[in-house]
Amino acid sequence: QVQLVESGGGVVQPGGSLRLSCAASGFTLDYYDIGWFRQAPGKEREGVSCISATDDSTYSSNSVKGRFIISRTADKKTIYLQMNNLEPEDTAVYSCATDGVIGWCSTAQRAGTMKNTMDYWGKGTLVTVSS
């Protein structure tokens, strides 16, 4: 019954912007950390950004810090990833994911890396950055 559905992917030129959306449904409680991951062909999955349910604090990987912004609506049913100044290296399938609990994004902020073992995953949306 739990569903995470991404949208907003597409083709964009280098330097352009794109906003991805993740629609969450089926969760009994809306108190959990959630994040965005990406995977390019031939590459391992990479944690991009996450947002904490405790205080809305966020983590972003060094590769996207200062360019991408994660946010969440007040009802916590929609999670956004605003992607600015896109680069060809950003080309990947982007997925939102959560393990349904609180705390792991705060851990990511302290450790400087996101865990990638999650219980719930969306199917992903493709972002292609090319001229």
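Residues numbered from 1 in each chain as written. Predicted model: local features only at pLDDT ≥ 70, side-chain atom pairs only at ≥ 80, totals over all residues. Heavy atoms only, no water.

A.B. asks: Mind showing me how you'd approach the packing of aromatic side chains here?
C.D. replies: Two measures describe an aromatic ring pair: the distance that separates the ring centres and the angle between the ring planes. Under the defined criterion, the tally for this structure stands at 3 aromatic pairs. Each ring, one from Phe 27 and one from Tyr 120, has its centre 5.5 Å from the other, and the planes form 85 degrees; the classification is edge-to-face. Highlighted residues: Phe 27 in the loop between strand E3 (18–25) and strand E4 (34–39) and Tyr 120 in strand E10 (residues 120–121), separated in sequence by 93 residues. Classification of Tyr 120 by relative accessible area gives partly exposed; the value is 31%. Here the aromatic residues Phe 27, Tyr 32 and Tyr 120 are joined through ring pairs into a cluster of three or more. Positioned above the aromatic ring of Trp 121 is the side chain of Arg 45, whose terminal nitrogen or guanidinium carbon lies 4.0 Å from the ring centre. (Phe/Tyr/Trp six-rings, centres within 6.5 Å; stacked < 30°, edge-to-face > 60°. Helix = DSSP H or I, 4+ residues; strand = E, 2+ residues; numbered from the N terminus. Buried < 20%, exposed > 50% of the residue type's maximum accessible area, 1.4 Å probe, protein only. Lys NZ or Arg CZ within 6 Å of the ring centre and 35° of its normal.)

A.B. asks: Please explain the side chain of Ser 60 as it appears in this structure.
C.D. replies: Tracing the backbone through its elements, the reader meets Ser 60 in strand E6 (residues 58–60). Within polar-contact distance, the side chain of Ser 60 engages the side chain of Ser 49 at 3.3 Å. Those residues in contact with Ser 60 that lie beyond four places of it in its chain are Val 48, Ser 49, Lys 65 and Phe 68. (Polar contact = N/O pair within 3.5 Å; in protein donor to acceptor, adjacent residues only side chain to side chain. Contact = heavy atoms within 4.5 Å.)

A.B. asks: How do you make sense of the state of the cysteines when you look at a structure like this?
C.D. replies: Counting across every chain of the model gives 2 disulfides. The partner cysteine of Cys 22 in its disulfide is Cys 96, sulfur to sulfur 2.0 Å. Here Cys 22 and Cys 96 share a disulfide; its torsion about the S-S bond, 65 degrees, makes the bridge right-handed. Here Cys 22, found in strand E3, pairs with Cys 96, found in strand E9 (residues 92–98); they are 74 residues apart in sequence, far enough to count as distant. Each of the two residues, Cys 22 as well as Cys 96, counts as buried. Across the disulfide, Cys 50 is cross-linked to Cys 105 (sulfur-sulfur distance 2.1 Å). The chirality of the disulfide connecting Cys 50 with Cys 105 is right-handed, given an S-S dihedral of about 90 degrees. Separated by 55 residues along the polypeptide, Cys 50 in strand E5 (residues 46–51) and Cys 105 in helix H1 (residues 104–111) bring together distant segments of the chain. Across this residue pair, the class does not change: Cys 50 and Cys 105 are buried. (Disulfide = S-S within 2.5 Å.)

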